[in-house]
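Inside the fold
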Amino acid sequence: MISYKASVVLVPCACGVLILLLLLHLKTVKFKNFSLAVEARNPEHLVMERLEKARRRVNRVKLLCWVMTGPDTIITKGRAVLETWGPQCNKLLFMTDGNDTPQMPGKVVLPHVGGGRGGLVGKSKEAWRYVYKHFRSDYDWFYKCDDDTYTVVQNLKLLASGLQMAKPYYLGFHINRGSAEWLSGGAGYLLNRASLSLLEQQLSSPSNCIESGSKALNASSEDMLISYCLRRANVLITSSLDAHGKNRFLPLTPELHLPKGAMAKTDYKWVLQFYTDRATTRMDGSECCSNLAISFHYITPDAQRTLHYLVHQLHVFGSRLSDLDVEIA
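Figured I'd write up the structure that's included with this text.

Bringing the state of the cysteines into the picture now. Taken as a whole, this structure holds 3 disulfides when the rule is applied. Covalent S-S linkage joins Cys-65 and Cys-89, the inter-sulfur distance amounting to 2.0 Å. Judged by the sign of its S-S torsion, about -90°, the bond between Cys-65 and Cys-89 is left-handed. Here the residue Cys-65 occupies a position in strand β1 (residues 63-68), and Cys-89 occupies one in the loop between α3 (74-83) and β2 (91-96), the gap between them amounting to 24 residues. A single burial state applies to Cys-65 and to Cys-89, both of which are buried. A disulfide bridge connects Cys-288 with Cys-289, and the sulfur atoms are separated by 2.1 Å. When the S-S torsion is -85°, as for the bridge of Cys-288 with Cys-289, the disulfide is left-handed.

Printed below as a string of structure tokens:
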């Protein structure tokens, strides 16, 4: 039993302990609120956190890039790709014809295919079958482009990193001309492993989707026919527009996309008429292209090197990251 004198001493002590605990709790709450207030006043801190998460996602993407080339251009255009953006892919292949092709790291000489524009369909078919046979298990995403395509590989990986691998994907610059729709081969198009497997089933089928596609579309372009094969496998085109509705894959040069009205004065004005998102998206002028653009086409070897410097080496002091926020949230 506690005596009266002892209780006189213990009660103030207990009250003191309770007051101390209350003060500590209030300070903790105040500190947490202060931290939250600082974060609210510093949105760039949140952007940096999201950017770091996006970087980790991008770094997990395993991407194979294959470049359509030939004996006459591999040493010039192919070499420019090899010296600029190509090595940023996890695997880089140059698909060509003819055993007399100059040596090049990643060169694959495809058998039984013709050269020139007339051989592009056969070359594309054999290239996709080669990729499936040798690399389907090693990579998650598979990108085809031409040897005069400039590609921002990290932006390509960023797009891929936000998509679910279980669903078949087919992404690029969407063209719609009457009953035919396809993705531009020059702007580059992207498949994942699921769509690659379905494409292989079509290309190896006795019914031969290439031949039936040629008759159905009255066409001989490789991008149209590969699209036809994928459509037969129920692999539909997925929009690759960015969060602002701007194009990431661009079928022409920056000089034709960026100045308003420049494209309409050239033989490429058909792009303005037949690209799928023409009702809502500009193809020329300052609003043409995503800030996270992935590709441009008809890029000369010198322009490849110029673009690579501007994209990867030139820095603007004090530039902000806030316009990335919507892309990596």
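So that's the structure; there's more coming.
Further remarks concern the nonpolar core. As a rule of thumb, soluble globular proteins bury nonpolar side chains together. Ranked by internal contacts, the top residues of the largest apolar core, which has 46 residues, are Leu-63, Trp-85 and Tyr-143. If you tally residues by element for this core, the top one is helix α5 (residues 153-161), at 4 residues. Counting 31 residues, the second largest nonpolar core, distinct from the first, contains Met-95, Tyr-170, Leu-183 and Ala-233.

A separate point is unusual backbone geometry. In this model, Asn-234 sits at a positive phi of 65°, which is unusual for a non-glycine residue. With a phi angle near 60°, Tyr-298 is a residue other than glycine that sits in the positive phi range. The partly exposed category is assigned to Tyr-298, whose relative accessible area is 37%.

Empty space within the second largest pocket amounts to approximately 900 Å³. Forming the walls of the second largest pocket are 36 residues, and the residues nearest its centre are Arg-117, Leu-120, Asp-146, His-297 and Tyr-298. Mapped onto the lining of the second largest pocket, the elements with two or more residues apiece are α4 (120-135), β4 (141-146), β7 (174-177), α8 (222-232) and α10 (270-274). Classifying every residue of the lining of the second largest pocket gives 13 nonpolar, 11 polar and 12 charged.

Applying the stated criterion across every chain yields a total of 10 salt bridges. For Glu-83, the salt bridge goes to Arg-305, with nearest N and O atoms at 2.7 Å. With a gap of 222 residues between them, Glu-83 in helix α3 and Arg-305 in helix α11 (residues 301-312) connect regions that are remote in the sequence. According to the relative accessible area criterion, Glu-83 is partly exposed, its value standing at 47%. Take Arg-305: its relative accessible area is 33%, and that puts it in the partly exposed class. A salt bridge links Asp-97 to Lys-123; the shortest N-O distance between them is 2.8 Å. Of the two residues, Asp-97 sits in the loop between β2 and β3 (107-109) while Lys-123 sits in helix α4, which places them 26 residues apart along the sequence. Residue Asp-97 is classed as buried on the basis of its relative accessible area of 9%.

Take the side chain of Thr-69 next. Position of Thr-69 among the secondary structure elements: in the loop between β1 and α3. By relative accessible area, Thr-69 is classed as buried at 4%. Here Ile-74 takes part through its backbone nitrogen, which lies 3.5 Å from a polar atom of the side chain of Thr-69.

Here α3 crosses α11 at 10°, and the two axes come no closer than 8 Å. Relative to α11, the element α3 is oriented roughly parallel. Residues Thr-76, Lys-77, Arg-79, Ala-80, Val-81 and Glu-83 of α3 form the contact with α11, whose own contacting residues are Pro-301, Gln-304 and Arg-305. Considering only residue class, the contact of α3 with α11 consists of 3 nonpolar, 2 polar and 4 charged.

Here is what the cut-offs are and how they apply
- Residues numbered from 1 in each chain as written.
- Predicted model: local features only at pLDDT ≥ 70, side-chain atom pairs only at ≥ 80, totals over all residues.
- Heavy atoms only, no water.
- Disulfide = S-S within 2.5 Å.
- Helix = DSSP H or I, 4+ residues; strand = E, 2+ residues; numbered from the N terminus.
- Buried < 20%, exposed > 50% of the residue type's maximum accessible area, 1.4 Å probe, protein only.
- Core = buried A, V, L, I, M, F, W, Y, C linked by side-chain atoms within 4.5 Å.
- 1 Å grid on protein atoms, 1.4 Å probe; cavity = no way out; pocket = protein on both sides within 12 Å on 5 of 7 lines; lining within 4 Å.
- Points joined across faces, edges and corners; volume = space filled by probe spheres on them.
- Nonpolar A, V, L, I, M, F, W, Y, C, P; charged D, E, K, R; others polar.
- Salt bridge = Lys/Arg side-chain N within 4 Å of Asp/Glu carboxyl O.
- Polar contact = N/O pair within 3.5 Å; in protein donor to acceptor, adjacent residues only side chain to side chain.
- Axes fitted to C-alpha atoms, helices over the stretch in contact; angles between N-to-C directions.
- Parallel < 35°, antiparallel > 145°, perpendicular 65-115°, else oblique.
- Contact = heavy atoms within 4.5 Å.

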